[in-house]
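Here is how the chains run, residue by residue.
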Amino acid sequence: MFAHVVSTLFPVFSVLLLGFILVRTGFMSSSFVEEMNNLIYWVALPAFIVGTLGRSSGMPASVLPLVAVFAISTVAFVIICWAVLRISGFPTAARGTFLQAVYRGNLAFIGIPILIYALRGLPQSEIDPVTRQAVFLFAPTMVLYNLIAAVVFPLPMAAAGSFPRWRSTLKGLWRNPLLIASLTGVGLILLPWKLPEAALDSLDYLGTFAAPAAVLGVGGAMAGTPLGDHWRAALASALLKVAGLPLVTLLVAMPFGLGRRELLILLIFSTAPCAAGGYVIARKMGGDGRLAAGAIFISTVLSVITLSVVIAWFG
């Protein structure tokens, strides 16, 4: 079991550490990491998503319960944390950033690669359905993440109401390449014909670049992100993200009677550390960038422990 945990987590987090070291030593520049992350975000990950869904013959079993459990647990956890922040007198200007850190997980760059390594050793016929379930869950989760962000972040002082924020959020939502790729893949499933095998092979080939390059980019982005001095709030949000949210997800999932592999998807997604893009979103929406950066860094370190527990349970 210990060997399975190490073999699952080590490839991902060793590459993440490598990205961190390469930027800190000057071997890679922050501008190169940003350009590489753009390439992954706009090209490689969409290719992986379309290629995975393009080979599907229908919606995988248990997808709707997975979506329901993840949505209910995420929204419930945000409401609970918001109530606690309000009672505790947490600074209003930083509440949106704190709340985003406790729910927005790094699913594309950390969650899916960890899931793939966790399934290693199983027959490919068993791996493919689980991977498709994860990708199917990914699309509505992206929508949910952005809608929650539009609610929890305070409006700029100059804004008269919430409508400008909603319009801007929804406009950005439908320009999200990962969401577009997910909807395209679902559309391919519904069509009576499939893409040529050569086209699917090309998407698969391009998609294989996504996972290692994305993890390398996350490590590089962490090295170039200022942490600030908000370590207490960052630590609290990180603990809630990698330990509190998985617990709530597990409790919500209990009445649904899901199988172990469905639970594995939910727990890896809920345990995944704060998304690196949360720093950018916090700055754009008037939040606390230093708190966001600290939460990303600390949750990434702590997630090694909690993900080890999840992988050991599955193993």
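Here the structure is a predicted model, which means the values were calculated and not measured. Numbers given to residues run from 1 along each chain, matching the order in which its sequence is written. The predicted nature of this model means local features are confined to residues of pLDDT at least 70 and side-chain atom pairs, given and counted, to a pLDDT of 80 or more, with totals for whole chains, interfaces and linings taken over all residues. With hydrogens and water set aside, each side-chain value is computed from the structure's full complement of heavy atoms.

## Quick look at the overall build of the chain
Part 1 of the argument: When helices and strands are counted, the chain shows 14 helices and zero strands.
Part 2 of the argument: Helix numbers and strand numbers start at the N terminus; a helix is a DSSP run of H or I with at least 4 residues, a strand a run of E with at least 2. Reading the helices (α) and strands (β) of the chain from amino to carboxyl end gives α-α-α-α-α-α-α-α-α-α-α-α-α-α.
Part 3 of the argument: Think of it in three bands: with a 1.4 Å probe and only protein chains considered, a residue is buried below 20% of the maximum accessible area for its type, exposed above 50%, and partly exposed in between. By residue count, 51% of the 315 residues in the chain fall in the buried class.
Part 4 of the argument: Any pair of residues with heavy atoms lying within 4.5 Å of one another is described as a contacting pair. Long-range contacts, defined here as pairs at least 24 residues apart, represent 87% of the contacts in the chain between residues at least 6 apart.
Part 5 of the argument: For the accessible areas, the method is Shrake-Rupley and the probe is 1.4 Å, while residue cover comes only from the protein chains on display. Accessible area of the chain: about 14,500 Å², with a carbon and sulfur share of 71%.

## Considering helix H10 (residues 210-223)
In an α-helix, one turn spans 3.6 residues, which is why side chains three or four residues apart end up on the same side.
Part 1 of the argument: Here H10 spans 20 Å end to end across 14 residues, near enough to the 20 Å set by a 1.5 Å rise per residue.
Part 2 of the argument: Summarising burial for H10: eleven of the 14 residues are buried, a large majority.
Part 3 of the argument: Those residues of H10 that fall on the buried side of the exposure criterion are Ala210, Ala213, Ala214, Val215, Leu216, Gly217, Val218, Gly219, Gly220, Met222 and Ala223. What a helix should span is 1.5 Å times the count of its residues minus one.

## Side note on the pattern of salt bridges
Part 1 of the argument: A side-chain nitrogen of Lys or Arg and a carboxyl oxygen of Asp or Glu constitute a salt bridge if their distance falls within 4 Å. Considering all chains together, one arrives at one salt bridge under this definition.
Part 2 of the argument: The shortest N-O distance in the salt bridge between Glu126 and Arg261 comes to 2.8 Å. With a gap of 135 residues between them, Glu126 in helix H6 (residues 124-152) and Arg261 in helix H12 (residues 260-271) connect regions that are remote in the sequence.
Part 3 of the argument: Classification of Glu126 as partly exposed rests on a relative accessible area of 28%.
Part 4 of the argument: The partly exposed category is assigned to Arg261, whose relative accessible area is 29%.

## What about helix H8 (residues 177-190)?
Part 1 of the argument: Along its 14 residues, H8 runs 20 Å from first to last C-alpha, staying within 8% of the 20 Å computed at 1.5 Å per residue.
Part 2 of the argument: Taken together, the buried positions of H8 are Pro177, Leu178, Leu179, Ala181, Ser182, Gly185, Leu188 and Ile189.

## Description of a nonpolar patch on the surface
Part 1 of the argument: Together, Leu39, Trp42, Val43, Leu206 and Phe209 line one region of the surface with nonpolar side chains, adding up to about 430 Å² of accessible area.
Part 2 of the argument: A total of three residues in the nonpolar patch trace back to one element, the largest contributor, which is helix H2 (residues 30-54).
Part 3 of the argument: With respect to the helices, strands and loops of the structure, Val43 is situated in helix H2. Residues enter patches when they are more than 30% accessible in relative terms and free of salt bridges; like-charged ones are connected within 9 Å and nonpolar ones (Val, Leu, Ile, Met, Phe, Trp, Tyr) within 5 Å.

## Some thoughts on the environment of Glu34
Part 1 of the argument: On the secondary structure map, Glu34 appears in helix H2.
Part 2 of the argument: Using a relative accessible area of 54% as the deciding quantity, one classes Glu34 as exposed.

## Examining the packing of aromatic side chains
Part 1 of the argument: Only centres within 6.5 Å qualify two rings of Phe, Tyr or Trp (six-membered ring in Trp) as a pair; their planes then separate them into stacked at under 30 degrees, edge-to-face at over 60, and tilted for everything else. For the coordinates displayed, the defined rule picks out four aromatic pairs.
Part 2 of the argument: Ring geometry for Phe20 and Phe297: centres 6.1 Å apart, planes at 55°, overall tilted. Pair noted here: Phe20 is in helix H1 (residues 2-24) and Phe297 is in helix H14 (residues 289-314), with a separation of 277 residues, a long-range link.

## Let's talk about the packing of helix H5 (residues 107-118) against H6
Part 1 of the argument: Packing of H5 against H6 leaves a shortest axis separation of 11 Å and a crossing angle of 160°. Relative to H6, H5 is oriented roughly antiparallel. For H5 against H6, the interelement crossing comes out right-handed. Residues Leu107, Ala108, Ile112 and Leu115 of H5 form the contact with H6, whose own contacting residues are Val130, Ala134, Phe138, Thr141, Met142 and Tyr145.
Part 2 of the argument: Classification convention: Asp, Glu, Lys, Arg as charged; Ala, Val, Leu, Ile, Met, Phe, Trp, Tyr, Cys, Pro as nonpolar; all other residues, Gly among them, as polar. In terms of residue class, the contact of H5 with H6 is made up of nine nonpolar, one polar and no charged. Where helices are involved, their axes are fitted lines through C-alpha atoms of the stretch in contact, as for all axes, and angles between N-to-C directions lie from 0 to 180°. To sort the angles, those under 35 degrees are grouped as roughly parallel, those over 145 as roughly antiparallel, those from 65 to 115 as roughly perpendicular, and the leftovers as oblique. With the far helix as reference, a near helix turned anticlockwise by less than a right angle produces a left-handed crossing, and one turned clockwise produces a right-handed crossing.

## Quick word on the packing of H2 against H10
Part 1 of the argument: The interhelical angle for the contact between H2 and H10, taken along N-to-C directions, is 145°, at an axis separation of 9 Å. Pair H2 / H10 crosses with left-handed handedness. When H2 is examined against H10, the residues Val33, Met36, Asn37, Ile40, Ala44 and Leu45 are found in contact with a partner set consisting of Ala210, Ala213, Ala214, Leu216, Gly217, Val218, Gly220 and Ala221.
Part 2 of the argument: Residue composition of the contact of H2 with H10, by class: eleven nonpolar, three polar and no charged.

## Thoughts on the environment of Leu195
Part 1 of the argument: Tracing the backbone through its elements, the reader meets Leu195 in the loop between H8 and helix H9 (197-207).
Part 2 of the argument: Taking the C-alpha atoms as reference points, Leu195 and Gly54, separated by 141 residues in sequence, lie 7.1 Å from one another.
Part 3 of the argument: Non-local contacts of Leu195, meaning those with residues more than four positions away in its chain, are made with Leu188, Leu200 and Leu203.

## As for the side chain of Ser73
Part 1 of the argument: Of note, Ser73 is situated in helix H3 (residues 63-88).
Part 2 of the argument: A distance of 3.4 Å separates a polar atom in the side chain of Ser73 from a polar atom in the side chain of Thr249.
Part 3 of the argument: In this structure Ser73 touches Leu245, Val248, Thr249 and Val252, once residues within four positions along its chain are discounted. We define a polar contact as two N or O atoms separated by no more than 3.5 Å, with the added condition that, inside protein, one atom must be a possible hydrogen donor and the other a possible acceptor, whereas residues neighbouring each other in sequence contribute only through side-chain atom pairs.

## Some words on the environment of Ala243
Part 1 of the argument: Structurally, Ala243 is set in helix H11 (residues 231-253).
Part 2 of the argument: Counting along the chain gives 62 residues from Ala243 to Ile305, while the straight-line C-alpha distance between them is 9.6 Å.

## Some points on the confidence of the model for the chain
Part 1 of the argument: Every residue gets a pLDDT, meaning the predictor's confidence in that residue, from 0 to 100. The share of residues in the chain with pLDDT of 70 or more is 88%, and the mean pLDDT across the chain is 82.
Part 2 of the argument: Contacts for the low-pLDDT stretch residues 155-164, under 50 throughout, to residues beyond four places or in other chains number three contacts.

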